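Secondary and tertiary structure notes
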Amino acid sequence: MANMESLEELLQEELKDMYDAEKQLTKALPKLAKKATTPDLQDAFEEHLRQTEQHMERLEQVFDQLGMPVKGKTCKGMKNLIAEGNDMIADADDDATRDAIMIAAAQKVEHYEIAAYGTLRTWANVLGHREIASMLEDTLEEEKETDQKLTGIAEGFVNQAAAEDEEEEEPRKRTVGARASRRPAAADRNRTGRR
Ligand SMILES: [Fe+2]
Ligand SMILES: [Fe+2]
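Predicted, not measured: the structure shown is a model, and the values here were computed from it.

**Section: the overall build of the protein**
A count of helices and strands for the protein gives 7 helices and 0 strands. Mapped from its N terminus to its C terminus, the protein presents α and β elements in the order α-α-α-α-α-α-α. Burial analysis of the protein (195 residues in total) assigns 26% to the buried set. Pairs at least 24 residues apart make up 72% of the contacts formed inside the protein by residues separated by at least 6 positions.

**A word on the environment of Leu66**
Assignment of secondary structure puts Leu66 in the loop between α2 (39-65) and α3 (76-90). Along the sequence, Leu66 and Ile132 sit 66 residues apart, while their C-alpha atoms lie 9.1 Å from each other.

**A word on the environment of Thr151**
Within the secondary structure, Thr151 is located in helix α5 (residues 130-169). Among the residues examined, Thr151 registers 13 C-beta atoms within 10 Å and is labelled partly exposed. It is 8.0 Å that separates the C-alpha atoms of Thr151 and Ile103, two residues lying 48 residues apart in sequence.

Rules and cut-offs
Residues numbered from 1 in each chain as written. Chains lettered and ligands numbered in written order. Predicted model: local features only at pLDDT ≥ 70, side-chain atom pairs only at ≥ 80, totals over all residues. Helix = DSSP H or I, 4+ residues; strand = E, 2+ residues; numbered from the N terminus. Buried ≥ 20, exposed ≤ 12 C-beta atoms within 10 Å, placed from the backbone. Contact = placed C-beta atoms within 7 Å.

In structure tokens form, the structure reads like this:
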């Protein structure tokens, strides 16, 4: 079991790792927002970019409290997650598939962050850094909310695909009702994104 001194060192190392991870995400998220064709997804990426910038600021405050310089250390985990996501996005044949892949890639990133911040929060608590633990908890909650929001958007996709399948089966009877019941954002995407 790690003693307190080595746990304090571990905490600092992992904080630097996450600072770099967040920095990588501030560069990746605008690209995802640009490529997204579903308006809800575009909004989600843009909102999370703003949160990610805040996550960096929070970490800067944590560094300050611990008397550390504001400096990251390359996060290989995030680098590889982003690289894998980019490869998959490049292989997408159409807009809907690309959106689905971007949601999947973004959720992998969120889960990585949730694991990392959960650990950091626990270590900070064990070491008696209560204020730091509470800042890390705030970030952790935002990562979880983002993950849930992405799940909701992915579910909307599946429902829409099902509605489209029904339309194809019974075009005359279903078209009007199905379109009217669809949410505006999804209908927009349907018109602009699928041709
Ligand atoms: Fe974050
Ligand atoms: Fe995140």
